[in-house]
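Observations on the three-dimensional arrangement
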Amino acid sequence: MSHSSERRGQGGGNNRAKSELSLTINGKPETVRVFPMERLLDVLRQELGLTGTKEGCGEGECGSCSVLMDGKLVNSCLIPALQAAGANLTTIEGVAEGPQLSALQAAFLECGGAQCGICTPGMILSASHLLNKKPEPTLGDIREVLAGNLCRCTGYMQIFEAVAEAARRKSSV
Amino acid sequence: MTEEGIIGKSVPRKEGRDKVTGVARYIDDMTMPGMLYGATVRSQIPRGIIKKISFDPHFDWAELVTVTAQDIPGKNCIALIGDDQPCLADGKVNHPEEPILLLAHADPHLLRKAVDAVSIEYEPLPAIFTIEDSERRSQIIWGDDNTLKTFLISKGDVDGVWAKAAYIVEGEYTTGAQEQLYIENNGAIAVFDREEGITVWGSLQCPYYVHKALMALCNLPAEKIRVVQAETGGAFGGKEDYPSIIAGHAALLAMKSGQPVKIVYDRLEDMTATTKRHPSRTRHRTAVSKDGKILGGEIDFTIDGGAYATLSSVVLSRGTIHAGGPYYWPNVRIRGKAVATNAPPHGAFRGFGAPQSLFAMERHMDHIAQVVGLSPVEIRRRNFLKPGQTTTTDQTIREEIDLGKLLDRALELSEYTAKIARFAQQNKVGPIKKGMGIAAFLHGAGFTGSGERYLASVVAVEGCADGGVRVLVSSTEFGQGTNTVLCQIAAEALGLPYHDVRIAQPDTNQVPNSGPTVASRTAMVVGSLVRSAALGIKQILIASGLLGSSYPPQEFRAACRAHIAAHGELRSFARYEAPEGVFWDDQKYRGEAYASFAWAIYVAEVAVDLSTYSATVEDFVALQEVGRVLHPVLAKGQIAGGVAQGIGFALYEKVVWQNGRMQNGQMTNYIMPTSADLPPIRVFFEEMGNVHGAYGAKGIGELPMDGPAPAIVNAIEDALGTRFDSVPLMPEDIFEAVSANGDR
Amino acid sequence: MRFDPADYELIAPGTLQAVVALLADEPGKWLPIAGGTDVMVLYTAGKLPARKLVSIWNLAELRSIEVLPNEIKIGAGCTYTELREHYVIAQEFPLLASAARWTGGIANQNRGTLGGNIANASPAADSLPALLAYEAELILVSVRGERRVPYVGFHTGYKKMKLAPDELIRAICLRRCFSGYLHYSRKVGARNAQAIAKVCVAALGRLRGGVGGGGDAIDDVRIALGSVAPVPLRLTEVERIVSGKSVDRELVQLAKKAAVAAIQPIDDIRSTARYRTAVTGNLVAEFLEQLRATGKTA
């Protein structure tokens with residue numbers, strides 16, 4: 001459900017047009033009509049109703065807009081829609097394996113990794129990116145990769161425990 | 001009864017699954033059909049008269065909904081304690097970013113252009129920005145003399161101690177503003193219906209505060225205002241009183257337009273326009289005996305309230321009462337004062353005055369130690385409050401707290417003595433200087449004095465048709481575990497599995513007023529009422545013959561279902577009653593200030609790199625006595641999170657002001673610690689129970705905010721031998737002090 | 001929202017040739033955007049003057065890292081992550097690898113590009129001191145072809161550079177001749193990660209006799225700084241003073257004085273001129289002391 005009109009009535013004298021953008025989100029192909037400079041974050045939240053990805057700062061500092069784009073962790077608030085054409089995205093909505101929580105999600109629940117929850121989607125995607133690259137991360141690895149995700153509630157300690165616990169569970173399968 | 005207690009277990013967070021799957025819905029995730037976006041036109045100057053408001057003629061204003069002070073149906077104020085804060089500036093402004101006009105449109109991009117298309121001409125008036133400016137009274141900006149509030153605590157005979165003192169120790173300590181920096185910005189959605197009235201959804205801590213404010217603003221009776229708390233992404237006090245403003249704005253736009261209106265701030269607006277921790281200045285003058293005991297003293301505690309009174313009187317109250325720390329003061333005079341400046345009003349932030357006055361007290365103790373020639377450990381040991389002694393407000397410590405033992409345990413856990421010795425050697429060589437610092441403190445939970453009686457909180461527990469129970473409170477969840485802990489308490493009281501208990505979304509149409517979610521009162525005060533109300537359900541079922549006095553869960557569920565089938569509902573209320581024999585004198589500020597105190601000793605290990613003058617906390621021990629740990633994971637999380645904010649308060653978070661406006665209102669330039677910056681935060685608990693709290697719990701939400709800053713600055717002084725009496729303490733400050741001393 | 005996507009045009013011609021043709025057709029009208037980690041921040045704040053943008057993200061011609069016997073050619077569109085993960089860069093150009101590691105967080109490293117860092121020309125840019133120390137050369141491309149220029153002197157003033165309005169940075173070339181050098185880099189920011197530099201040092205040095213060779217005279221030295229002037233600086237005067245000399249206390253003091261004289265730091269929202277000056281002196285001294293220590297025989 002889009003709030004924006006196809007072309008703005010006033011303000012900018014230049015009439016830009018929207019165009020079609022196709023991309024895959026959580027395994028599902030999607031096509032939206034957006035301005036090329038729409039932020040990927042807004043495409044997810046407004047056009048596609050995927051509100052799990054959050055806006056905390058609008059400048060790529062807080063990481064609550066983190067998603068995986070073609071397997072790489074990115075801040076979706078800094079990506080213009082046009083540059084996401086054809087991309088394969090994973091958002092928090094795609095992390096759970098159906099009704100089954102992922103090891104990370106379960107560990108976050110048990111270890112207190114989520115308090116208010118607003119940084120949690122981004123945090124889980126960052127941690128997911130880490131575990132994909134380094135299935136047995138050290139505490140230093142965890143601290144480094146999560147440094148782009150700000151959490152104001154936890155002081156990070158229980159987030160580190162959650163990530164370490166998820167790594168342990170995944171490796172003992 | 002269940003085989004194993006639920007209290008003391010780390011049960012899953014009630015709303016946890018929604019949070020880890022991205023399903024939890026915060027304000028900006030919500031939309032409504034026909035919804036407009038709202039925006040605020042704000043003052044660009046700190047103080048002045050509004051001469052003219054112009055609307056750019058090239059803009060089609062017919063499309064926009066506009067609200068000014070003239071459109072306010074009720075009283076143009078944000079009703080809180082006093083009524084001095086206008087909802088919209090009317091003719092004059094008293095701080096930068098003060099709201100003047102509201103606009104709404106369906107297109108949020110266009111809306112921004114409309115805000116930019118409003119120009120305001122002012123006649124500026126001289127403005128004041130510091131406590132000292134305010135005290136000088138060259139400009140009077142509030143009341144008769146810029147003084148928002150004063151308190152006086154007087155115990156014993158202060159004037160007589162100076163002559164007896166072996167040492168008289170003075171000090172002045174200051175703390176800066178601090179931004180709460182919840183990761184979710186303030187937001188609210190309002191809907192107006194001529195029959196139903198106003199409904200507001202908000203990111204907020206206190207639905208009934210907003211309810212009260214909207215009644216006055218919109219001139220509507222209680223039953224025509226409904227406030228619902230949405231999932232809230234962090235608050236820390238920053239959403240205690242501020243939401244009444246943003247909700248009021250959304251409501252006014254909704255009333256004017258007849259359509260739903262959402263206002264969500266971006267980070268810049270939230271940082272520059274909303275509340276912060278009160279800056280403070282504390283002056284100590286202390287008479288000390290030859291063997292290091294406090295004979296008495298004077299403490300002047302002053303806070304900067306910003307342009308309007310808002311919560312300053314209550315922040316001042318708590319800061320003033322905590323100013324003496326966990327020590328025995330046989331004689332003391334504490335003067336608390338809140339003054340006005342032309343900054344956006346300061347407000348609640350975790351700790352609420354106590355982090356400010358306790359910073360001063362704990363720095364001052366180290367200073368006293370030096371003067372007397374004792375260690376920071378010994379000076380504290382000799383002055384700790386003991387059971388049977390009285391606090392600065394003459395409250396007798398009735399519990400068997402042994403702060404000396406608590407200190408011993410903290411020193412052991414932090415390897416304090418060994419490290420002090422080791423660092424003394426290591427610091428001789430190289431640019432890295434390490435030090436250890438201690439902070440000892442207390443934090444009173446619940447509202448001060450007669451506050452809880454005044455709140456008269458009410459809680460309900462009801463049986464559900466499926467046999468489970470539901471807790472009905474206005475206490476909100478914003479990460480600290482309200483939902484979980486209150487359900488645990490009800491489950492324990494009824495002998496039910498945790499999963500049989502739910503909690504209603506705080507909606508003023510559905511839940512009674514259990515008071516605001518502040519003051520570390522939720523587990524202790526509201527939890528106690530939840531327990532009572534739950535037991536009330538049990539009593540009803542037993543009295544109606546449906547349940548025996550001891551039962552397995554399935555019998556309870558069957559009884560509950562049967563009762564509801566027969567009577568239509570099953571509900572029990574509990575109302576707060578002040579404990580017997582508790583006295584508090586509001587005039588003299590004397591008596592039982594708080595129902596309980598939690599006690600803590602924090603120890604910080606800090607390294608200062610003299611090539612960059614940066615201080616880093618390397619290890620942190622947080623040991624506290626908290627009555628009863630209801631949920632170990634949640635409790636640890638609260639302490640670690642609070643310590644992290646305290647570390648930010650000490651070393652990283654600086655608000656850069658210019659003419660009353662925050663200049664660094666983005667996350668790039670207002671620095672909070674990342675995961676790469678914090679030390680291991682090692683959390684330990686002692687539990688001695690609490691007569692007044694549910695299952696012996698004391699409030700702990702704010703406690704961890706009090707200790708880190710003084711512990712860290714004490715450690716930095718230990719490392720460098722240089723005195724610092726201010727936070728935030730930035731590398732630039734350390735550089736200036738160190739180079740003034742001629743080092744390096 | 002302080003920006004309106006409707007007011008902006010963004011196109012992605014898809015090839016380098018098409019992009020430079022566009023830039024030649026309408027010089028100065030199209031702002032190239034690679035990873036967007038700088039441009040999008042300005043855009044969101046409502047502070048981006050440009051209205052027409054051309055995407056150079058993911059242009060194959062800008063993404064390669066070519067390893068030749070004597071030099072490495074890094075495509076300007078390579079991200080910081082790609083720099084960090086490249087074996088030769090990690091081994092032979094640690095100043096650049098560490099700059100990549102401390103730029104932003106992982107998410108920003110996956111999008112930020114080396115070319116973008118140069119073109120954005122922030123005085124606090126993390127990678128530029130390293131490029132100065134390594135005496136990188138830039139390959140610039142336009143419809144007129146390619147030209148190769150030294151990076152030293154490329155930035156001429158605050159956000160000013162020797163780049164024609166229709167030119168793009170195509171590649172950054174580093175000569176593979178720094179084995180046996182001490183590579184010293186330090187970034188001083190407000191926190192350990194995600195910080196804008198208050199002072200940034202990238203320095204190279206070699207004593208006569210090399211590492212462990214027992215020598216003590218400075219054979220080659222380059223000291224570059226960021227955040228202490230409108231452009232990144234090579235401390236050529238300091239280099240001149242210390243070249244050929246043994247590092248002793250007196251030399252270090254002289255070097256510090258010369259360093260302080262060479263820089264023009266300011267007071268700004270992040271820090272003070274006095275602090276930046278003092279830290280510059282300290283880090284130059286630290287570098288020289290570490291350089292002296294490399295001479296000790298094993």
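Keep in mind the model is a prediction, meaning the values are calculated, not measured.

Conventions and cut-offs
- Residues numbered from 1 in each chain as written.
- Chains lettered and ligands numbered in written order.
- Predicted model: local features only at pLDDT ≥ 70, side-chain atom pairs only at ≥ 80, totals over all residues.
- Heavy atoms only, no water.
- Buried < 20%, exposed > 50% of the residue type's maximum accessible area, 1.4 Å probe, protein only.
- Helix = DSSP H or I, 4+ residues; strand = E, 2+ residues; numbered from the N terminus.
- Contact = heavy atoms within 4.5 Å.
- Pairing = 2+ DSSP bridges.
- Phe/Tyr/Trp six-rings, centres within 6.5 Å; stacked < 30°, edge-to-face > 60°.
- Lys NZ or Arg CZ within 6 Å of the ring centre and 35° of its normal.
- Salt bridge = Lys/Arg side-chain N within 4 Å of Asp/Glu carboxyl O.
- Domains from an automatic or database assignment.
- Buried area = accessible area lost by both parts, 1.4 Å probe.
- Polar contact = N/O pair within 3.5 Å; in protein donor to acceptor, adjacent residues only side chain to side chain.
- Nonpolar A, V, L, I, M, F, W, Y, C, P; charged D, E, K, R; others polar.

Glancing now at helix α7 (residues 312-322) of chain B. The α-helix advances 3.6 residues per turn, and as a result positions three or four apart in sequence lie on the same side. Residue and element names in this part refer to chain B. Here α7 lies mainly inside the structure; 10 of its 11 residues are buried. Considered for burial, the residues of α7 that qualify are Ser312, Ser313, Val315, Leu316, Ser317, Arg318, Gly319, Thr320, Ile321 and His322. The elements touched by buried residues of α7 are β7 (147-155), β14 (294-304), β15 (332-339), α8 (354-372), β16 (432-445) and β21 (584-585).

Residues and elements named next belong to chain B. A large share of strand β11 (residues 225-229) lies buried, amounting to four of its five residues. Where strand β10 (residues 197-202) and β11 come together, five bridges link them in parallel fashion. Counted as the bridge partner of isoleucine 198 is isoleucine 225 from β11.

The next point concerns the packing of aromatic side chains. Applying the stated criterion to the full structure yields 23 aromatic pairs over all chains. Centroid distance Tyr551(B) to Phe556(B): 5.8 Å. Interplanar angle 35°. Geometry classified as tilted. There is no split in this pair, since Tyr551(B) and Phe556(B) are both buried. Of the aromatic side chains, those joined through ring pairs into one cluster are Phe93(C), Tyr134(C), Phe178(C) and Tyr181(C). The aromatic ring of Tyr695(B) is capped on one face by Arg531(B), whose charged end is 5.0 Å from the ring centroid.

This paragraph deals with the pattern of salt bridges. This structure, assessed with the given rule, holds 87 salt bridges over all chains. Ionic pairing is found between Lys134(A) and Asp141(A), a salt bridge with its closest N-O pair at 3.0 Å. As a salt-bridge pair, Lys256(B) and Asp71(B) come within 3.3 Å of each other at their nearest N and O atoms. Within this pair, whereas Lys256(B) is found in helix α5 (residues 242-257), its partner Asp71(B) is found in the loop between β3 (65-67) and β4 (92-93), the two being separated by 185 residues in sequence. Given a relative accessible area of 29%, Asp71(B) falls into the partly exposed group. If you follow the salt bridges from partner to partner, you end up with Lys419(B), Lys434(B), Glu605(B), Glu618(B), Asp619(B) and Arg682(B) in one network.

All names here are of chain B. Here three strands make up an open sheet; going across it, the order is β4-β2-β6 and the pairing antiparallel. On the outer flanks of this sheet lie β4 and β6 (118-124), each paired with one strand and no other. Where strand β2 (residues 48-55) and β6 come together, seven bridges link them in antiparallel fashion. For glycine 48, the partnering residue across the bridge sits in β6 and is proline 124.

All names here are of chain B. Assigned domains of chain B: these are domain 1 (32-125 + 181-273), domain 2 (280-448 + 589-740) and domain 3 (451-575). Relative to domain 3, the C-alpha centre of domain 2 lies at a distance of 36 Å. Summed over both partners, the interface of domain 2 with domain 3 comes to about 1,600 Å²; 65% of that surface belongs to carbon and sulfur atoms. Scanning the region where domain 2 abuts domain 3 turns up zero salt bridges. The interface formed by domain 2 and domain 3 contains nine residue pairs in polar contact (both at pLDDT 80 or more). Considered class by class, the residues forming the side of domain 2 that touches domain 3 number nine nonpolar, 10 polar and three charged.

What follows deals with the domain arrangement of chain C. All names here are of chain C. The domain boundaries assigned to chain C delineate domain 1 (8-55), domain 2 (64-175) and domain 3 (183-294). When each unit is reduced to the centre of its C-alpha atoms, the spacing between domain 1 and domain 2 is 19 Å. For domain 1, the biggest contributors to the area lost against domain 2 are Leu16, Val20 and Thr37; these three give 37% of the whole. Inspection of the region where domain 1 meets domain 2 yields zero salt bridges. Taken together, the connections running from domain 1 to domain 2 amount to two residue pairs in polar contact (both at pLDDT 80 or more). Considering each element in turn, the side of domain 1 that touches domain 2 owes the most residues, six residues, to helix α1 (residues 16-25). In terms of residue class, the side of domain 1 that touches domain 2 is built from nine nonpolar, three polar and one charged.

By a widespread convention, an interface's size corresponds to the accessible area lost as its parts come together. Residue-level contacts link 51 residues of chain A with 62 residues of chain B. Together, the buried faces of chain A and chain B total about 4,300 Å²; carbon and sulfur atoms form 53% of this surface. Viewed at the interface, chain B and chain A are joined by four salt bridges. Taken together, the links from chain A to chain B amount to 25 residue pairs in polar contact (both at pLDDT 80 or more). Elements represented by at least two residues in the side of chain A that touches chain B include exactly α1 (40-47), α2 (103-111), α3 (120-133) and α5 (157-171) of chain A. Broken down by element, the side of chain A that touches chain B gets its largest block of residues, five residues, from α2(A). Across the side of chain A that touches chain B, the residue classes break down as 22 nonpolar, 17 polar and 12 charged.

Contact residues are listed per partner, giving 32 residues for chain A and 37 residues for chain C. When chain A packs against chain C, the two sides together hide about 2,900 Å² of surface, and 57% of this comes from carbon and sulfur. There are 11 residue pairs in polar contact (both at pLDDT 80 or more) connecting chain A and chain C. Where the side of chain A that touches chain C is concerned, the elements lending two or more residues are β4 (72-75), α3 and α4 (139-145) of chain A. The biggest single contributor to the side of chain A that touches chain C is β4(A), with four residues. The residue makeup of the side of chain A that touches chain C, split by class, is 14 nonpolar, eight polar and 10 charged.

Turning next to the side chain of Asp29(B). By the secondary structure assignment, Asp29(B) is in the loop between α1 (16-21) and β1 (36-42). At a separation of 2.8 Å, a polar atom in the side chain of Asp29(B) contacts the side chain of Arg45(A). Excluding anything up to four places from it in sequence, Asp29(B) contacts Arg45(A), Thr51(A), Lys54(A), Ala24(B) and Lys262(B).

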